[in-house]
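This is what each chain is made of:
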Amino acid sequence: MAWQNPSNEKLSNILQTAETIAVVGLSNNQDKTAYQISQRMQQLGYKIIPINPTVDEVLGEKAYPTLAEVPEKIDIINVFRRPEHLPDVAKDAVNTDCRMFWSQQGIVNEDAYHFLKDHGFEVVMDLCIKVVHSVLVK
């Protein structure tokens, strides 16, 4: 079975109830899409937690090398890594309390999708979180 994103209603609800977004692959390079989208989501009121072993801080928030090291509740895991890295990120994700995994536009990995679904995750792939927010959240 191919991957399938949740309905618009479900996506809207996810974004309206979430407070904290852990962003896997977020660096302090302001020219990168991950930085720009995370900055906008932060401006919209979300707490951003950078997940990147090569930085200490991004957007004024402490960075963590892995998802498992984040000491606070994560509502959405938003991923900016190439598709071949998604299975490893998915394996890290199942070791958190979060059950919402969102890979950005152009990022799809069906193995990761099925692994996450088997572990009780809501999964979004190939959609920009900022665009979905601007369209669905009023």
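Looking now at the sheet that holds strand β1 (residues 20-24). The strand order across the open sheet formed by 5 strands is β2-β1-β5-β6-β7, and the pairing between neighbours is parallel. Sheet topology places β2 (47-51) and β7 (122-124) at the edges, where each strand pairs with a single neighbour. Neighbour-to-neighbour, the strand axes of this sheet turn through a mean angle of 20 degrees, independent of strand direction. Pairing geometry for β1 and β2, over 5 bridges, is parallel. By the bridge assignment, V23 is partnered in β2 with P50.

Side chains M100 and W102 project from strand β6 (residues 100-103) onto one buried face, and the interleaved F101 and S103 project onto a second face that is buried too. Regarding the hand of the β-α-β motif, the stretch spanning strand β5 (residues 76-79), helix α3 (residues 86-93) and β6 is right-handed. Where β6 and β7 come together, 3 bridges link them in parallel fashion. By the bridge assignment, F101 is partnered in β7 with V123. Taking the sense of rotation as the criterion, the β-α-β connection linking β6, helix α4 (residues 110-118) and β7 turns out right-handed.

It is worth spelling out the state of the cysteines at this point. Put plainly, two cysteines are in a disulfide when a covalent bond ties their sulfur atoms together. In this structure the tally under the stated criterion is 0 disulfides. Considering cysteine sulfurs only, C128 is the nearest to C98, which forms no disulfide, with 18 Å between them. Since its relative accessible area comes to 2%, C98 is described here as buried.

A few words on the pairing of β1. Burial runs high along β1: 5 of the 5 residues are buried. Across the two faces of β1 the burial is the same, with T20, A22 and V24 and I21 and V23 all buried. In this fold, the crossover linking β1 to β2 by way of helix α2 (residues 33-43) has right-handed handedness. Where β1 lies against β5, 4 bridges are found, and the strand directions are parallel.

By the secondary structure assignment, E57 is in strand β3 (residues 57-58). Residues within four places of E57 in sequence aside, it is in contact with N28, K62 and A63.

What follows is about the UniProt feature "domain: CoA-binding" (unreviewed entry) in the protein. The sites that carry the UniProt feature "domain: CoA-binding" (unreviewed entry) are, in the present numbering, residues 15-108. Across residues 15-108 one finds 23% helix and 23% strand; the C-alpha atoms that close the span lie 20 Å apart.

Quick look at the packing of aromatic side chains now. For the coordinates displayed, the defined rule picks out 0 aromatic pairs. A cation over an aromatic ring shows up here: K62 above the ring of Y64, its NZ or CZ 4.8 Å from the ring centre.

With that settled, the discussion passes to the side chain of N52. By the element assignment, N52 lies in the loop between β2 and β3. Looking at N52, its side chain comes within polar contact range of the main-chain oxygen of L26, at 3.1 Å. Reaching out from N52, the side chain makes a polar contact with the side chain of T54 at a distance of 2.6 Å. Those residues in contact with N52 that lie beyond four places of it in its chain are G25, L26, S27, A63, Y64 and P65.

It is worth spelling out the packing of helix α1 (residues 8-17) against helix α5 (residues 129-136) at this point. Helix-helix packing: each pair is described by the crossing angle between the helix axes and the interaxial distance. Running from amino to carboxyl end, α1 crosses α5 at an angle of 100 degrees, the nearest separation of the two axes being 10 Å. Here α5 runs roughly perpendicular to α1, going by the angle between their axes. In this structure, α1 contributes N8, L11, S12 and L15 to the contact, and α5 contributes I129, V132, H133 and L136. Classifying every residue of the contact of α1 with α5 gives 5 nonpolar, 3 polar and no charged.

Conventions and cut-offs
- Residues numbered from 1 in each chain as written.
- Predicted model: local features only at pLDDT ≥ 70, side-chain atom pairs only at ≥ 80, totals over all residues.
- Heavy atoms only, no water.
- Pairing = 2+ DSSP bridges.
- Helix = DSSP H or I, 4+ residues; strand = E, 2+ residues; numbered from the N terminus.
- Axes fitted to C-alpha atoms, helices over the stretch in contact; angles between N-to-C directions.
- Buried < 20%, exposed > 50% of the residue type's maximum accessible area, 1.4 Å probe, protein only.
- Right-handed = clockwise from strand over helix to strand, strands pointing away.
- Disulfide = S-S within 2.5 Å.
- Contact = heavy atoms within 4.5 Å.
- UniProt positions renumbered as here; feature names shortened; annotations may be inferred.
- Phe/Tyr/Trp six-rings, centres within 6.5 Å; stacked < 30°, edge-to-face > 60°.
- Lys NZ or Arg CZ within 6 Å of the ring centre and 35° of its normal.
- Polar contact = N/O pair within 3.5 Å; in protein donor to acceptor, adjacent residues only side chain to side chain.
- Parallel < 35°, antiparallel > 145°, perpendicular 65-115°, else oblique.
- Nonpolar A, V, L, I, M, F, W, Y, C, P; charged D, E, K, R; others polar.

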